[in-house]
Structures are given as C-alpha cells and as structure tokens.
Amino acid sequence: METRTEISSLGEFGLIQRINKGIRTTLPDTVRGIGDDAAVIDLGEEFGLLTTDMFLEGIHFDLTFFPLKHLGYKIIAAGISDVAAMNGIPRQVTVNLALSNRFSVEAVDELYEGMKLACKDFNVDLVGGDTTSSRSGLIISVSVFGKVKKDKIAYRNTAKPNDLLCVTGDLGGAYMGLQLLEREKQVFLANPNMQPELEGKDYVIQRQLRPEARMDVVYELDEAGVIPTSMIDLSDGLASDLLHICAQSGVGAVIFEERLPIDEQTYLAASELNIGAATAALNGGEDYELLFTVSQSAYEQIKNNPKITFIGYITDKKGEVELHTKGDSRVPLTAQGWNA
Ligand code: ADP
Ligand code: MG
C-alpha cells in the first residue's frame, strides 16, 4: 500500500522544508537557494536577487471589494518587498496571468494601470510574463529581480544575541482593513441598499488595498551607514516572521507588547470588531513592513528615524521567542501569536 500524507499535516512551512531537503543546488553562482525572502545569485561585482509570489482569487484577494487597479499595485509591491527584505534594489519584474472569461479587456487594463503605477513608484521595469486562461478565477504571479552590493546583503539567518529588533511603520493595519472590508461585504450581501460604513477607516483600508514596499527605509538605512544583521519582510505577521529569523539564526528574542507600533485606526477597528490590537499586530499579515536586527552600535545612527521602532532584542536562547506583556509577564510566542 502506498502511503498518503495529508499536506495539512505538514503545513506550508513544513512542506517547503521537505521540498528544500530534496533539492541540492550545484552551480557555483547559486549563493542561496530556498529559505530566504529571495534567492541569491553571484553576478561577479554584485549579488542578484530573485523572488516569486502567487496570488489567487478567493484565497489572497476578493474581487467583490478589491479594485483591480489596487490589486495590480499590491502584487508588485509585495514582490518588491521581498527584495527590500534582502536589503536589495529591485530592477525588473515579470507578471504571469491566468484569466477566466469573466474578465474584460478593460479589466485587464485596470490591473495593468496599478502595476504600471507601482513600477513607476519603485523604479522597476516590467519586462515580461505569460498569459493563459483559468477555469477558477484570476491567478497572478509576480517575479522580481533585484541587486545588492555583496557586503550589504541581509539574510534571515544572521541575527546575533544582543542585536536590537526593529520594525518599520506600524503593524496590524492591513489585517484590520481586511476584517472591515469582509464585514461590509456581509452587510452588503444581506442588504444591497446599505451604504458601507468605512468613514474614518481610510488608513487601515488603504493598508489592506494598497500596501507599500519599504524601499524608502532600505535607502535610509544605507544613508545612515547601517546594514541590518538580519532582515525579513512582514507578509505572514510579526510572530510568524520573527520565528523564522530566530529559527534560522539559531537565536531567541524578547519583544515588548508596549513597544509594538500600532496606528490609532488599527486600535479603533480592533475594538469595534472585538479583536485585541496586539493580536492584530502579532498575527495580522500583509503589512509588508520590514523586521530587522541591528548591532547595538547602530542604535545612534537610526534612533531618530520616525519610521523605525525598536521592539525588543535578540537572545542566545535558541528558538525561545517571548512576548513581554503590558502586564509584565513573559509568554512564549507561537506562529499564531501567543497563548496567554
Ligand atoms: P516569502 O513569504 O518571503 O515570499 P515564503 O514563505 O513564500 O517566503 O517562502 C520561503 C522560501 O521557500 C523562499 O525561499 C521560497 O522561494 C521557497 N519556496 C516556497 N515555495 C516553494 C516551492 N514550491 N518550491 C521551492 N521553493 C519554494
Ligand atoms: Mg518575504
């Protein structure tokens, strides 16, 4: 009898680990394969960076409330965020599309309007792709090629004990934006005459529909003469992504609940929907902010940057990632946040 293992028994990360175990890279210019935000390729003078992401209708986005132009912008920004997470500069993107007959030429135009805007904002060229048909909604995949000077690359597996943990922007907004949009969708389905109640919620909605890759911070760190000792972008949520840095670096971390940067609108939406704001900040995905570590000596150079918050530090306790709560207790973080 052949054995059959359910994918759910491994989970996404377990499955990737298993794929990774079965793959050996052989080429001398393959510097880093599976395991970081982008693959790293030796180009001689510099490193090349290559990353790819896939977005499926019904899984990653809901077209009942996601304008196509925003979707186009978001998928490019998401790809670029992975290059930013290597401390790199994005250069070229390719886009693959699978379309069903539900889509018109005008709809495709709108999608590309958003993509073109993102390409302009992040100074990248759209240089190719592939187009095919789909029987189950829209599928988009984006690959981004970037570059980084060899001595400036930031991996996930190089955080050191006593390094400071930093995060850009604020957290949990994209998740709360999604919760509000989902709620309004249900209200609308129940009564199509209802007007959406999204006043004063523009920031969190925008965090969900039109996120930015933090290339601005990549440039500012460079200007400040700071190279992160490790970095990852926040696509899955702070808890999950911090656990990646710690597991891969063989270190632990302590983060402070009261230090978590959370916008006023995120607090308001969280309380309206009965979700803890810290839970949204720890577990909410798609903020596309950067989580990075710096050595203590870099503190002076970046302490006045308003885009950067120090949320904790790295310890030598391998795999132990703890949240210091507002109530002064220490609780272990899991990929789902924490169990108080
Ligand atoms: P990110 O969220 O930064 O895009 P992922 O969690 O998607 O990263 O992927 C983690 C690592 O696993 C990356 O190096 C990615 O290239 C690799 N990876 C993901 N899926 C596959 C796959 N099906 N085959 C090979 N490598 C994969
Ligand atoms: Mg990433």
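A brief structural summary. (Residues numbered from 1 in each chain as written. Chains lettered and ligands numbered in written order. Predicted model: local features only at pLDDT ≥ 70, side-chain atom pairs only at ≥ 80, totals over all residues. Heavy atoms only, no water.)

Our focus in this paragraph is the side chain of threonine 168. Along the chain, threonine 168 falls in strand β7 (residues 164-168). Owing to a relative accessible area of 0%, threonine 168 belongs among the buried residues under this scheme. Looking at threonine 168, its side chain comes within polar contact range of the side chain of glutamate 289, at 2.5 Å. Within the local environment of threonine 168, its side chain forms a polar contact with the backbone nitrogen of leucine 290, the two atoms lying 2.9 Å apart. Not counting residues up to four positions away in its chain, the partners in contact with threonine 168 are Arg214, Val217, Glu289, Leu290, Phe292 and Lys307. (Helix = DSSP H or I, 4+ residues; strand = E, 2+ residues; numbered from the N terminus. Buried < 20%, exposed > 50% of the residue type's maximum accessible area, 1.4 Å probe, protein only. Polar contact = N/O pair within 3.5 Å; in protein donor to acceptor, adjacent residues only side chain to side chain. Contact = heavy atoms within 4.5 Å.)

Turning to a nonpolar patch on the surface, a few remarks are in order. Judged by side-chain polarity, Phe13, Ile16, Ile19, Ile23 and Ile34 come together as a nonpolar surface patch covering roughly 390 Å² of accessible area. By the secondary structure assignment, isoleucine 23 is in the loop between α1 (11-21) and β1 (30-32). (Patch = residues over 30% accessible without salt bridge, like charges linked within 9 Å, V, L, I, M, F, W, Y side chains within 5 Å. Areas by Shrake-Rupley, 256 points an atom, 1.4 Å probe, with all protein chains shown as cover. Salt bridge = Lys/Arg side-chain N within 4 Å of Asp/Glu carboxyl O.)

Moving on: the nonpolar core. By size, the foremost hydrophobic cluster in this structure holds 93 residues, and its most contacted members are Ile76, Ile255 and Leu291. Per-element accounting of this core gives the leading share, 10 residues, to helix α2 (residues 68-84). When residues no more than four places from it in sequence are discounted, the contact partners of leucine 291 are Leu165, Cys166, Val167, Ser230, Met231, Ile232, Leu234, Leu238, Asp241, Leu242, Ile245 and Ile311. (Core = buried A, V, L, I, M, F, W, Y, C linked by side-chain atoms within 4.5 Å.)

Here we come to the site of ligand 1. What surrounds ligand 1 is the set Phe13, Ile16, Ile19, Ile34, Gly35, Asp36, Asp37, Asp53, Asp82, Arg156, Asp233 and Ser235. Here an oxygen atom of ligand 1 and a side-chain polar atom of aspartate 82 are 3.0 Å apart. Interatomic distance of 3.3 Å between a side-chain N/O atom of serine 235 and an oxygen atom of ligand 1. Taking 560 Å² as the accessible area of ligand 1 by itself, protein coverage stands at 65%. Counting residues per element, the shell around ligand 1 draws most heavily on α1, at three residues. (Near = heavy atom within 4 Å.)

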